[in-house]
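# Structural overview
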Amino acid sequence: MRLGGAARFVIEIEEDKDLAEAYHFADEKKLPVYVIGGGSNIIGRDGGYNGVILVNKLHGIYVIDSDEDTIRLCAKSGELLDDFVDYSVKLFDGEQFGFSGIEALSKIPGTVGAAPVQNVGAYGQDIAQTLHHVCVYDYKDNCFKKMMASELNLGYRRSIFNTGDGVGRYFITSVTVELHKHWMKPPFYNSLQAYFDERNITEFSPAVVREAVSAIRASKLPDPKEYASSGSFFKNVYLNEEEAEAARAKDIPVWDGGKVPCGWLIEHAGLKGKEFYGMRVSDKAALVLINESAKSYADLAKARQAVIDAVYEKFGMTLEQEPMELGDE
Ligand code: EPU
């Protein structure tokens, strides 16, 4: 968002073995540690971060093993997620080009290590569906560990890494996914299906899905290199069955699993394209806030409240912020 104060210390982690030393440094100074990848989904508060930021610069992508139907790919956590996706759709095993499982995660900003933290997902895939295991440095137990996907309590934008005691405890060093030879099958996520239908596309190779998702994202979501934004600023709202029935009766769209798209709520509260305190509600996807001229986190906080209040007043639903926050107000 290009807002907020500075960090007291920043350490770049280039090899796994740098980690023990970095955490030791923080311990000696009695400061907390926070790990960032690309930083695209983290908002800094105005008071800055009185601690040590570890910036993930671990690189490398490897094929671990394969059998007839699957292949396991491992990426060091500082790789860009989009580079990992690109590798997976171009991988040739002697028979087939491209393996399926993460192609719909194309063009999500940020690093591989961030993917399990909030179980990134888009266009019908999330990392939980293909994640096999992660390797971590455990700050509490002062050791490296392998953790299976089933141990990570992965849910909608959630894992042990961003909830409860797990926050701040682990540095993810690598991520291993299990990808398939068989391709994604229709029906696809609404906007992806519409893209294929309009172009009469019937072969859904990982490369074709990657191209489609990339085009859809480019048309809807601001490129964070160009515009200061954190992608979806709000989470979709999930309703229980009773609430879903009441919402449908009011013509609010409720998708499978009780999902109400927060973009719909914000648009139908009349906020699309509007600006508050220098923050603009994107005119393409109302769930995205873009920093046009906000000077501080305080401006963003006021804009966020304006959106939350307007949606609550109109629909009685409370939006929650999607990006993480760091630092003192
Ligand atoms: N919609 C509107 N107005 C808008 C935007 C959306 O009415 O301005 C409605 C439309 O009905 C649309 C529906 O919302 O059909 C869903 O919109 P979209 O397909 O854009 O997906 P989303 O549910 O709003 C989620 C993720 C995105 C991810 C897309 C695609 C969240 C908070 N967001 O958005 O993730 O790319 O699905 O799968 O879960 C991110 O996390 O930063 C992010 C961009």
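Just so we're clear, the structure is a prediction, and the values are computed from it rather than from any experiment.

Looking only at helices and strands, one finds eight helices and 18 strands in the chain. Computed over its C-alpha atoms, the radius of gyration of the chain comes to 20 Å, within 12% of the 20 Å expected for a compact globule of 329 residues. Its C-alpha atoms give the chain principal-axis dimensions of roughly 55 × 55 × 40 Å. Per-residue burial over the chain gives 50% buried out of 329 residues. Counted over contacts in the chain with a minimum sequence separation of 6, partners at least 24 positions apart contribute 62%.

This brings us to the domain arrangement of the chain. Domain annotation for the chain reports domain 1 (7-56), domain 2 (61-180) and domain 3 (229-326). One C-alpha centre belongs to domain 1, the other to domain 3, and the line joining them spans 30 Å. Counting from both sides, the interface comprises ten residues of domain 1 and, opposite them, 13 residues of domain 3. Together domain 1 and domain 3 conceal approximately 1100 Å² of surface at their shared face, both sides included; 55% is due to carbon and sulfur atoms. In terms of surface lost to domain 3, no three residues of domain 1 exceed Asn41, Ile43 and Arg45, which account for 57% of the buried area on that side. Remark: the boundary between domain 1 and domain 3 carries one salt bridge.

Attention shifts here to the site of the ligand. Near the ligand you find 24 residues, and of these Tyr123, Tyr156, Arg157, Glu267 and Ala286 are the closest. Between Tyr189 and the ligand, the recorded distance is 2.8 Å, taken from a side-chain N or O atom to an oxygen atom. Measuring from an oxygen atom of the ligand, one finds a side-chain N or O atom of Lys272 at 3.2 Å. Protein chains bury 84% of the 820 Å² of accessible surface belonging to the ligand in isolation. Breaking the shell around the ligand down by element, the ones donating at least two residues are helix H5 (206-220), strand E12 (228-232) and helix H7 (262-268). Per-element tally for the shell around the ligand: the top contributor is H7, with three residues. Considering only residue class, the shell around the ligand consists of twelve nonpolar, four polar and eight charged.

By the criterion of burial, strand E4 (residues 49-56) is predominantly enclosed, with seven of the eight residues buried. As defined by bridge partners, strand E1 (residues 7-13) adjoins E4 across six bridges and the pair is classed as parallel. Along E4, the bridge assignment pairs Phe9 with Val52. Where strand E2 (residues 33-36) lies against E4, four bridges are found, and the strand directions are parallel. Residue pairing in the sheet places Ile36 in a bridge with Val55 of E4.

Looking now at the sheet that holds strand E5 (residues 61-66). If you trace the five strands from one edge of the open sheet to the other, you get E5-E6-E11-E9-E10, paired in antiparallel fashion. Of all the strands in the sheet, the pair left with one neighbour each is E5 and strand E10 (143-148). Within the sheet, the average angular offset between the axes of one strand and its neighbour, ignoring direction, is 20°. Packing against the sheet, helix H1 (residues 18-29) makes contact with strand E9 (131-138), E10 and strand E11 (170-180), and its axis sits at approximately 145° to E11. Sitting on the sheet, helix H2 (residues 81-90) touches E5, strand E6 (70-76) and E11, and the angle it makes with E6 is about 150°.

Turning our eyes to something else, we now look at the environment of Ala7. Tracing the backbone shows Ala7 in strand E1. Note: C-alpha distance between Ala7 and Leu326 (319 residues apart in sequence) is 9.7 Å. Residues in contact with Ala7, not counting those within four places in the same chain, are Tyr49 and Ile53.

Conventions used here
- Numbers given to residues run from 1 along each chain, matching the order in which its sequence is written.
- Local features are withheld for residues below a pLDDT of 70 in this predicted model, meaning they are given only at 70 or higher, and side-chain atom pairs are given and counted only at 80 or more; totals for whole chains, interfaces and linings count all residues.
- In computing side-chain values, all of the structure's heavy atoms are included and hydrogens and water are not.
- Runs of E in the DSSP output that reach at least two residues are strands. Runs of H or I that reach at least four are helices, and both are numbered from the N terminus.
- Radius of gyration: C-alpha atoms only; globule rule: 2.2 Å multiplied by the number of residues to the exponent 0.38.
- Only protein chains enter the calculation, and the probe is 1.4 Å; a residue is then buried if its accessible area is under 20% of its type maximum, exposed if over 50%, and partly exposed in between.
- The contact definition used throughout considers only heavy atoms, calling two residues in contact when any of these lie within 4.5 Å.
- Residue ranges for the domains trace back to a domain assignment, done automatically or taken from a database.
- Note: buried area is the sum, over both parts, of the accessible area (probe 1.4 Å) each one loses when the two are combined.
- The salt bridge criterion pairs a side-chain nitrogen of Lys or Arg with a carboxyl oxygen of Asp or Glu, the two atoms within 4 Å.
- Nearness is judged by heavy atoms alone; a residue qualifies as near a molecule or strand once a single heavy atom is within 4 Å of it.
- Here a polar contact is recorded for every N or O atom pair within 3.5 Å, except that within protein the pair must consist of a potential hydrogen donor and a potential acceptor, and residues adjacent in sequence are included only if both atoms are side-chain atoms.
- Using the Shrake-Rupley algorithm and a 1.4 Å probe, accessible areas are obtained, with residue cover drawn only from the displayed protein chains.
- Each residue is assigned to one class: nonpolar for Ala, Val, Leu, Ile, Met, Phe, Trp, Tyr, Cys and Pro, charged for Asp, Glu, Lys and Arg, and polar for all the others, Gly among them.
- Should DSSP find at least two bridges between two strands, the strands are regarded as paired.
- Lines fitted to the C-alpha atoms define the axes, with helices restricted to the stretch that makes contact. Angles between their N-to-C directions range from 0 to 180 degrees.

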